[in-house]
Amino acid sequence: MYIKRAIEGTVLNISDTFPVLLVTGPRQVGKTTLLKRLADEGRTYVSLDDPNIRSMAKTDPALFMQRYTPPVLIDEIQYAPQILPYIKMSVDNSGHKGDFWLTGSQAFHMMKNVSESLAGRVGIVNLLGLSMSEINELPSEPFTTSPTRLMTRLNVAQKMSLNDLYAQIVHGMFPALHNTKTPPDISEFYRSYINTYLQRDIRALSQVADETSFLNFMIIVAARTAKPIIYQELADEAQISQPTAKKWLSLLVSSGLVALVQPYHNNVLKRTLKMPLMHFLDTGLCAYLLKWGDAETLERGAMSGAFFESWVFSEIYKSYLNAGKEAPVFYFRDKEKREIDLLIYENGTLCPIEIKKTASPGTSAIKHFKVLDPITEPERFGMLEQVRTEIGGGAVICMINDLLPADKKNWFVPAWLV
């Protein structure tokens, strides 16, 4: 069963704009399925997972290019970067848009080769797991706190109870887990996923000599989802050096399993902390690593709020990627421990968002939004006055049953409305 992906329009638009399209992302998020679905009948499909084809691509890339002429879809391009210069020559000669569609799951392995060989010729799409909009067949667009958008979505979104939401959190968003005809065993799926990730992706990297140590590091990182990253703490608990902790976390980020949210800073705002905030992008994988196999147990557990926050963040983050945009997200925390979970900064406007696992949020949930007020005051440079960043409408995303105003500018937003 194919679930229509929100990113389809972005993929086709990039294919019409660039001679080479690259779809990258974690394993098992549906990159190949997506492109096969969108491909015309005349586009040849070739997988570098096949050892014979891979060998030809690596040892005789010119022959490979003669055998597989465009338009072509080449799966797992990271296994044979030797063909990238030949792709460059081909597209320079033809000038056709969309000649080559490529997929790759090892972004950390591949992006340097692609950027060097195909600069200016490749459009890149980052695909993650399913979103709730895709699962529920709803219109998908970048998340904003606009009341007009929220009201419109309220008419079509499907309500979720607390139990429903945590069942989804534990289940995860990999497409294979939402195949209603032949659903796999969830524990077996994640066990196989991690083994494949360690053996086929991580083993290939010189920075990782011990797969068991890296798996232990993944578990330690999972336990810190929705928290600021302190590299020394990670290193100490994993019994590795701090530089190694930074390298290993960068692998998780580059392979699409983890996202780092940078802190928002402004010259007017003082004493802000500079540590990035980390979110696991698939809460099902995170729950499996931490042995939270039951939704009810997780919902009552100590990490309930952290999982809720990461799930909401992931939905917002994917809404931007699916539209072909970089997610303009930040967070705020200062030395007085005043926090704002998420900030969306676009077009000179900053929209604050709190994420709270509660069905009865009070106005105290937006009290830290006031810390941003100084950045709206104009600053004078000689005779010139510079207008500072505007503060847009904010939101408290929570388990409330309906969309309700918190005050004249901010809203209480049900999590299922994201």
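Scroll up for the structure.
Now for a description of the structure that goes with this document. (Residues numbered from 1 in each chain as written. Predicted model: local features only at pLDDT ≥ 70, side-chain atom pairs only at ≥ 80, totals over all residues. Heavy atoms only, no water.)

### Things to note about the overall build of the chain
Rule in force here: Helix numbering and strand numbering both begin at the N terminus, where a helix is a DSSP run of H or I of at least 4 residues and a strand a DSSP run of E of at least 2. Based on C-alpha atoms, the radius of gyration is set beside the globule rule, defined as 2.2 Å times the residue count to the power 0.38. Classification of residues uses two cut-offs on accessible area relative to the type maximum, computed with a 1.4 Å probe and protein chains only: under 20% is buried, over 50% is exposed, and between them is partly exposed. Charge assignment in this entry is limited to Lys and Arg as positive and Asp and Glu as negative, and neither His nor the chain termini are counted. Think of each charge as sitting on NZ of Lys, CZ of Arg, CG of Asp or CD of Glu.
On a plain count of helices and strands, the chain comes out with 16 helices and 17 strands. Relative to the 2.2 N^0.38 estimate, which gives 22 Å for 418 residues, the radius of gyration of the chain is 23 Å and therefore close to what a compact globule would have. Seen through its C-alpha atoms, the chain measures out along the principal axes to roughly 65 × 60 × 50 Å. Looking at the chain as a whole, 52% of its 418 residues qualify as buried. In the chain, which carries 44 positive and 44 negative side-chain charges, the distance between the mean positions of the two groups comes to 3 Å.

### Digging into unusual backbone geometry
Residue P71 is bonded to the preceding P70 through a cis peptide linkage, with omega at 5°. When you line up the elements, P71 lands in the loop between α4 (61-67) and β3 (72-75). Phi at E137 is positive, roughly 55°, even though this residue is not glycine. Within the fold, E137 resides in the loop between α7 (132-135) and α8 (147-154). Within the chain, K291 stands out as a residue other than glycine whose phi angle is a positive 65°.

### With respect to the sheet that holds strand β4 (residues 100-104)
Basically, it comes down to this: Paired strands, in this sense, are two strands between which DSSP finds at least two bridges. To obtain each axis, a line is fitted to C-alpha atoms, and for helices this fit is confined to the stretch in contact; angles are then taken between N-to-C directions over 0 to 180 degrees. In what follows, a contact means two residues having at least one pair of non-hydrogen atoms within 4.5 Å.
Judged by pairing direction, the sheet is parallel, and its five strands sit side by side in the order β2-β3-β4-β1-β5 without closing on themselves. What marks the edges here is a single partner per strand, and that holds for β2 (44-47) and β5 (122-126). Averaged over all pairs of adjacent strands, the angle between their axes in this sheet comes to 15°, without regard to strand direction. Direction of pairing for β3 relative to β4: parallel, over a ladder of three bridges. By the bridge assignment, V72 is partnered in β4 with F100. Most of the contacts of helix α5 (residues 84-94) go to β4, to which it runs at about 155°, and overall it touches β1 (20-24), β3 and β4.

### Here's the deal with the layout of surface pockets
Take a probe with the size of a water molecule and roll it over the atoms, and the empty space left behind shows itself. Heads up, the rule is: Method remark: on a 1 Å grid restricted to protein atoms, a set of points is classed as a cavity if a 1.4 Å probe fits but cannot get out and as a pocket if it is open with protein on both sides within 12 Å along at least five of seven lines; lining residues have an atom within 4 Å of a point. Grid points are joined across faces, edges and corners, and a volume is the space filled by probe spheres set on the points. Ten residues, namely Ala, Val, Leu, Ile, Met, Phe, Trp, Tyr, Cys and Pro, are considered nonpolar, four, namely Asp, Glu, Lys and Arg, are considered charged, and the remaining ones, Gly among them, are considered polar.
Of the voids in this model, the largest pocket is the one considered here, and its volume is about 430 Å³. Taken together, 23 residues line the largest pocket, and the ones lying closest to its centre are N126, V253, G256, Y317 and L321. In the lining of the largest pocket, the residues fall into 16 nonpolar, six polar and one charged. Estimates place the volume of the second largest pocket at around 370 Å³. Lining the second largest pocket are 19 residues, and of these R27, Q28, V29, K31 and E76 sit closest to its centre. In terms of residue count, the dominant contributor to the lining of the second largest pocket is helix α10 (residues 186-202) (five residues). Here the lining of the second largest pocket is built from residues that sort into five nonpolar, eight polar and six charged.

### Focus on empty space enclosed by the protein
Counting across every chain of the model gives four cavities of 30 Å³ or more. Of the pockets and cavities examined, the largest cavity occupies roughly 100 Å³. Lining the largest cavity are 13 residues, with P26, G129, G256, L281 and D282 positioned closest to its centre. Classifying every residue of the lining of the largest cavity by side-chain character gives eight nonpolar, three polar and two charged.

### Thoughts on the pairing of strand β9 (residues 329-333)
Looking along a regular strand, one sees the side chains alternate between the two faces of the sheet. In the sheet, β9 pairs with strand β10 (residues 339-346) via four bridges, with the strands oriented antiparallel. Bridging across to β10, F332 finds its partner in I340.

### Considerations on the environment of S319
With respect to the helices and strands, the residue S319 is situated in helix α16 (residues 304-321). Assessed through its relative accessible area of 8%, S319 is described here as buried. Between the alpha carbons of S319 and A259 there is a distance of 14 Å; along the sequence they are 60 residues apart.

### Focus: the sheet that holds strand β7 (residues 258-261)
Strand order in the open sheet made by the three strands is β6-β8-β7, with antiparallel pairing throughout. The sheet is open, and its two edges are formed by β6 (227-228) and β7, each paired on a single side. Relative to strand β8 (residues 277-280), β7 is paired through four bridges, and the arrangement is antiparallel. Each residue of the ladder has a partner; that of A259, found in β8, is H279.

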